[in-house]
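Survey of secondary and tertiary structure
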Amino acid sequence: MTLRRIATVTDLHQYLQVALQLEHATIPPYLTALYSMHPSTNADANRVIRVVAVEEMLHLTLAANLLNAVGGEPDLTVDGFVPVYPCHLPDGEDDFEVGTRAFSPEAIDSFLKIERPAEGENQRFVARKRSHRALLPRVDAHEDDLHFFSIGEFYAEIGDGLHRLYEQHGEALFCGDTARQVGPEYYYSGGGAIVKVTDADSAAAAMRVISEQGEGLGGGIFDEEGELAHYYRFQQLLLGRYYQPGDDAGNPTGPTLDVDWDAVYPIVADADFHHYTEPGELRDAVLAYSASYGDFLARLTEAFRGHPELLLPAVADMFRIKELASQIMRNPMPGRDGMNAAPIFRGLASVGLSSVKVA
Amino acid sequence: MADDALLARRTDADVQAVFLSLSATLTGYSRFRLLGTGQVEPYLVTTRSAVGDDVFGELLSAFAAVERESADDPAACDRALRALVLSDEKLGPIARNLIKMWFVGTWYELPQEWRDRFAAGEQLATHVVSPASYTEGLLWPTIGANPPGAKGQGFGSWVGPPNIETS
Amino acid sequence: MSVEIDHATAVSTLYDVLVVGSGVSGAIVARSLAERGLHVLVVEAGPGEELSLADYDTYLTRFYGAVAKDNNSAYEVNPNAPMPRSPDVRRLQAGHPDSTGYLIQNGPYEMDSTYTRVLGGTTMHWEGKAMRMLPEDFEMRSRFGQGRDWPIGYDDLEPHYRQAERELGVSADVADQTFYGITFPPGYEFPMHGLPPSYLDTIIARDLDGTVIQLEDTACTVSVRPTAQARNGMPNPAYDGGKGYVPVGAVSTHQVDQGDRCQGNINCVPLCPVQAKYNARKTLSIGLRTGRIDILTQTIASRVHVGEDGQISHIDYQAYGSTSSPDHVTGSLRATKYVLAANPVENARLLLASGLPGSSGLVGRNLMDHAYLLTWATLPEIAGTMRGSQCTSGIEDFRSGGFRSRHAAMRVSIHNDGWSWPTGSPYTDLLELVDDGNVYGETLRRRVVDRISRQLMLSFMIELTPEPSNRITVDGRYTDALGNLRPVLSYSLPEYTMDAVSASRRVSRRLFQRLGAEDQTKYDPLDPGFVAHQGEGYVIRGGNHWSGTHIMGSSSRDSVVDDHQRSWDHENLYLVGSGSMPSIGTSNTTLTLAALSFRTADHIASELTTRPSLTVGA
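The rules we used
- Residues numbered from 1 in each chain as written.
- Chains lettered and ligands numbered in written order.
- Predicted model: local features only at pLDDT ≥ 70, side-chain atom pairs only at ≥ 80, totals over all residues.
- Heavy atoms only, no water.
- Helix = DSSP H or I, 4+ residues; strand = E, 2+ residues; numbered from the N terminus.
- Rg over C-alpha atoms; globule rule 2.2 N^0.38 Å.
- Contact = heavy atoms within 4.5 Å.
- Areas by Shrake-Rupley, 256 points an atom, 1.4 Å probe, with all protein chains shown as cover.
- Lys, Arg positive; Asp, Glu negative; His and termini not counted.
- Charge placed at Lys NZ, Arg CZ, Asp CG, Glu CD.
- Domains from an automatic or database assignment.
- Buried area = accessible area lost by both parts, 1.4 Å probe.
- Salt bridge = Lys/Arg side-chain N within 4 Å of Asp/Glu carboxyl O.
- Buried < 20%, exposed > 50% of the residue type's maximum accessible area, 1.4 Å probe, protein only.
- Polar contact = N/O pair within 3.5 Å; in protein donor to acceptor, adjacent residues only side chain to side chain.
- Nonpolar A, V, L, I, M, F, W, Y, C, P; charged D, E, K, R; others polar.
- Core = buried A, V, L, I, M, F, W, Y, C linked by side-chain atoms within 4.5 Å.

1. Re the overall build of chain C
A tally of helices and strands in chain C yields 15 helices and 20 strands. Against the compact-globule benchmark of 25 Å for 618 residues, chain C has a radius of gyration of 23 Å, which places it among compact chains. In terms of overall dimensions, chain C has a C-alpha envelope of 70 × 60 × 55 Å along the principal axes. By sequence separation, contacts in chain C at least 24 residues apart represent 75% of the contacts at least 6 residues apart. Total accessible area on chain C is roughly 19,600 Å²; 48% of this is exposed by carbon and sulfur atoms. When the 54 basic and 71 acidic side-chain charges of chain C are each reduced to a single mean position, those positions are 2 Å apart.

2. Considerations on the domain arrangement of chain A
Residue and element names in this part refer to chain A. If you check the domain split of chain A, you get domain 1 (9-239) and domain 2 (273-351). Residue-level contacts link 28 residues of domain 1 with 21 residues of domain 2. Taken together, the two surfaces of domain 1 and domain 2 that pack against each other cover about 2,200 Å², and 70% of this comes from carbon and sulfur. Our enumeration of links across domain 1 and domain 2 arrives at 2 salt bridges. Among the ionic pairs, Asp75 bridges to Arg305, the shortest N-O distance being 3.8 Å. Broken down by secondary-structure element, the contributors of at least two residues to the side of domain 1 that touches domain 2 are α2 (27-35) and α3 (43-69).

3. Examining the side chain of Glu167 of chain C
Residue and element names in this part refer to chain C. Looking at the element boundaries, Glu167 is found in helix α5 (residues 154-168). On the basis of relative accessibility, which here comes to 12%, the residue Glu167 falls in the buried class. Contact partners of Glu167, with chain neighbours within four places excluded, come to Ile28, Arg31, Tyr278, Thr283 and Phe598.

4. Remarks on the interface of chain B and chain C
Contacts between the two partners involve 47 residues from chain B, matched on the other side by 48 residues from chain C. Both faces combined, the contact of chain B with chain C buries some 3,800 Å², and carbon together with sulfur accounts for 69% of it. The interface formed by chain B and chain C holds 1 salt bridge in total. With a shortest N-O distance of 2.9 Å, Asp435 of chain C and Lys100 of chain B are connected by a salt bridge. Across the chain B-chain C interface, the total number found is 15 residue pairs in polar contact (both at pLDDT 80 or more). With 5 residues, helix α6 (residues 92-104) of chain B is the largest single contributor of residues to the side of chain B that touches chain C. Residues of the side of chain B that touches chain C, tallied by class, amount to 24 nonpolar, 18 polar and 5 charged.

5. With respect to the nonpolar core
If you look at the biggest cluster of nonpolar residues, it comprises 186 residues, and the most contacted ones within it are Ile49, Ile158, Leu162, Phe234, Tyr276 and Leu300 of chain A. Top element by residues in this core is α3 of chain A. It accounts for 14 residues. The residues contacting Ile49 of chain A, other than those within four sequence positions of it, are Tyr30, Ala33, Leu34, Met37, Phe103, Ile108, Phe234 and Leu237 of chain A. Counting 154 residues, the second-largest nonpolar core is a separate cluster that includes Leu373, Ala409, Met552 and Leu608 of chain C.

6. With respect to the environment of Gly181 of chain C
Mapped onto the secondary structure, Gly181 of chain C falls in the loop between α6 (174-177) and α7 (199-208). Since its relative accessible area comes to 44%, Gly181 of chain C is described here as partly exposed.

See the structure below:
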């Protein structure tokens, strides 16, 4: 897929569908790190990552609300919706990869890069050779090496595009069925609020939550609601200390935070189907896991297409598949001494037995 | 003693394999499922320290004999297990303790009668092996529930019938 | 959030209000007054270093690792501020008080009720049922010739019930909760929609709804109804005239995703792992934002002093540094108004230990609690027991009617946690199946399902009337690690209640017959709480709904506090909580005592803010 700068409503639909994909793409890496920790250990790290993962779910839902508001059709089941890990996030740079890996300083480092703040005003696009594993599409067919610098910059383009289209179309831009909007009754948690998108103001509000929760406001470490940006939350794990209001970036002065990098299952990195060729319970479980994850994405798609009440069972799905993920991670990887298995987040489409690629 | 020799001859991996196999037979849960709790090692260590190496070796040897004699015939295995382990005055109470530990994460102090006859040293009192042993108890998934205070199944999950795993 | 101040600062400060106890009533009074500009000190006898999630996690881990998972098992054993624990209760021999536990059991009836002495009080382990009392409950004497009337009625308390429902975050639907005289203002909605009933509830409702049961001259038609609960569910957008409601999540010093909706952890008692259930730390943490609440934990109010003018002059405290050592320092705290919110037992204990039995002599007397009769059976089908919150539905139809002139009213809860309360299920079931059933492997798994997933337990919560002989006293022979007098309990169950116990057993038999459920109820004469009545034996359990020990009335001659919970004897002293309640009907007491706390806060604020010297909001 190729995106150009947003000129039409169709362009906007494409961008928002990519936004869904992008928001989702961070979830399997975060969940894998989260589930890899031993139970009853690393309480602080557990919470920090879990809150971010839950907020990525919020962002995903907000992206769906935005797409629905402008008459689009969210789809989390299209082929390739879930990236094959490792992949490059978000801008196609080669300097780091994101994968589904055990909790470790390196994993947190890659999370920091996902959530990194924009560095300046004119850095929306960078010219650099594009990796074929980049998740974000090209910006324009004629500017093949031009990429978004960060997720935030990608959203800035959506924000600008929304603004331009609103100038052209007025409120008619928001032609979507309002019954598809997910409201706060279905989604609430410690941080951030769901916004029903029905007009330019609510669209702007939704955009603010998505872009600021990740990266902080105007270079600050806290956003408008006083929440710490994701980047700095992860950074706390490396620095061993919580931020508190008044702190400067890089120098948290809050309570200490204990991280036990060793209380982690030694899981195989970037698990894929070719790791599980041996028939047996483990393979069955990994396939079942991937299928359940696909069911979960299908349930979300249905929820975003007019059945928001399905978000409740979707949360129960998540709890259930977490259990299966934990079981997989405590099982040894056959033939890989000292290494444990790890789940694959692929979905239904790839799990038909015929499509399991044996390396 | 032959059983000492057995323990000594075996590697840790062998011991764990027999322990896992015994646990799977006693609980009705698969090896994958037992490994999936993360409790194989702590339960092995708990049992071994509770009854001592000699008796632990006897238990594993007896189970190995059960497996040999029954040769994958479930009915024969059932008979042999009852004959060689469950009705054995020394090994039976330990096997029953293992089941309980797998189901609720608690090591129960062995019965007075057992202690009087077979105890070598200090007895392990009734205790929860670890907080994780409690939350990983197999009783809860057996009834399609979660351990109270952990692993809630999600808002409204209680509206429908329970999801009971069958093996 | 730094909430603690040092004792030296507190000692040198004249507070507007000193609140003893950080449970729900103390927290509500403190928050309400601080939000109106008053400076409040809260002292808590138990630990609770900070209002953080780490603190809370310690409780959870302790619970996971506890062999006996009783309702105080999440909380540290603390000899400096001990608390009653149900496993301490033993069968009494006549004339021999039992001092095994913190609470001295003087009999004749053994009581296994508890409370929790930690920051947040007993709301840390309460179950979360948030029910209003029936209007007729306030008029027991005039309508049924039993117990006492309140000096105020349902209508006086109704606006405060709404405040309490907001503060506690109650999930319920008005249509489900409108029964037996309970009224709501037109258009009222609860903050959140009712929690969904469990699968077990729907099985029970299917077969029981419409059953008619005769209690004396009252025909009761059974209807299984969802229970109002103080735990987070789906916010109702129509709440507060369409403003909606934002649920209060977990108390934490940094952002967490917890505390949102009930996840069905089936562990409301002793501890909700995600803080979906209300606890008083939520109220405290919001109150702290005013900057006008100071909290001192591990600080025991040890003696209340009265000046020559009859007013409270100061309260002595003992502050200890560690729960494992009795080392402590002492001092005195001063305020314009004093609020004892330490729960009915501790409020009475503190007053009696201070030599203040009240001019009426009623401090500590009229102790009430609900008497619980537990009945249990096996259902003919798999009901998925052991899932959800502990109770999602109940039967309200034995709570109201003319029969109350003959015997006490009862309320039935359907327990999603099966027989765990009466039998210790599922642990006891497992042990029996393994040790006596001689099953293992897949057979064991099937038998476990068969045994546990079909469990039904109905608890009958039976009202008590205030009897002066049911009381808390103190006795110089019994002291705790810091030398404070321990509470001594003398308790018996009145005929009025026991007749309802017999009636409850009859009702449960009818209900089990209607359900085709195999009655498994057994009462062991050796169990604490065993009582015989009319030729049949029962085990009666406590409900942790302590009340009545500083009973409210319209005259200083026959009550301890007035309708604002102000002491008749000491104008600047308020005794708040369920200790003030003249009747408890068949509602769990928390919502009503929370409503009373709001009413009292209004009164204290009006007393203090009309003084010319005080600038509100300064």
